[in-house]
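The lines below spell out each chain.
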Amino acid sequence: MALLKILRYPDPRLHKIAKPVTEFGTERLRKLVADMADTMYDAPGVGLAATQVDVHERVIVIDVSETHDQLIVFINPEITWASEDKQVYDEGCLSVPGIYDGVERPAKVKVRAYDVEGKEFTVDADGLLAVCIQHEMDHLMGKVFVEYLSPLKRNRIKAKLQKEERGMEREAARAGGRR
């Protein structure tokens, strides 16, 4: 399988709204899911939305297990119920490396989705799984977790990541010139 390039905030492609998957059981969909899982595990992370790898389809992979062997694939996920009680969880994101901050979300959710073959299933989630599902579903709607933070924090994060990106580009250019 291939590792995919993860878009970094504030890349505008992270704000595209993903379209529903209409063809299930295809080799293309299986490969996308496998490549997304490999990318997530390699990063390392606990969730990845297709939007983050510049594929604007409603596909999410999640594995919150300690052993990294309980992959859940959500295609066309939909939250059908969310608890009124909320929890604040320190979230991070593979598209916003090195940044963590508290985000308040419903403590429990019920999600309906499809697997790669198009079989419908539901998941009742709480704790880290509930947070991860909501976080990744935000990506499908073009929203990054830092958008829950104050404008001041968001602007500082954006400036920090843009500075890091320029530094990496300069380093790559220097390395390319040494051939």
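**Q** Lay out the environment of A130 with the relevant residues and their values.
**A** Tracing the sequence through the fold places A130 in helix α2 (residues 127–140). Ignoring anything within four residues of it in the chain, the contact list for A130 reads A107, K108, V109 and A125.

**Q** With reference to specific residues and values, describe the pairing of strand β4 (residues 86–93).
**A** Bridge count between β4 and strand β5 (residues 96–106): 7 bridges; the pairing is antiparallel. Each bridged residue has a counterpart across the sheet, and for K86 the counterpart in β5 is P106. The hairpin formed by β4 and β5 contains 2 residues between the paired strands.

**Q** Mind laying out the pattern of salt bridges, listing which residues take part and the relevant values?
**A** All chains considered together, the criterion is met by 15 salt bridges. Salt-bridge contacts for D124 lead to K110; the nearest nitrogen and oxygen are separated by 3.8 Å. Of this pair, D124 sits in strand β7 (residues 120–126) while K110 sits in strand β6 (residues 108–114), and the two are 14 residues apart along the sequence. Taking relative accessible area as the criterion, D124 reaches 60% and is therefore assigned exposed. Of the residues examined, K110 reaches a relative accessible area of 33% and is grouped as partly exposed. Sharing partners across several salt bridges, the network here consists of R8, K160, E164 and E165.

**Q** Describe in detail the sheet that holds strand β3 (residues 72–82), supporting the description with residues and values.
**A** Pairing within the open sheet is antiparallel, and its 5 strands lie in the order β1-β2-β3-β6-β7. The sheet terminates laterally at β1 (47–49) and β7, the two strands that pair on one side only. The sheet shows a mean angle of 40° between the axes of neighbouring strands, taken without regard to direction. Sheet strands touched by helix α1 (residues 27–42): β1, β2 (59–62) and β3. Its angle to β2, the strand with the most contacts, is close to 40°.

Each value, and the rule that gives it
- Residues numbered from 1 in each chain as written.
- Predicted model: local features only at pLDDT ≥ 70, side-chain atom pairs only at ≥ 80, totals over all residues.
- Heavy atoms only, no water.
- Helix = DSSP H or I, 4+ residues; strand = E, 2+ residues; numbered from the N terminus.
- Contact = heavy atoms within 4.5 Å.
- Pairing = 2+ DSSP bridges.
- Salt bridge = Lys/Arg side-chain N within 4 Å of Asp/Glu carboxyl O.
- Buried < 20%, exposed > 50% of the residue type's maximum accessible area, 1.4 Å probe, protein only.
- Axes fitted to C-alpha atoms, helices over the stretch in contact; angles between N-to-C directions.

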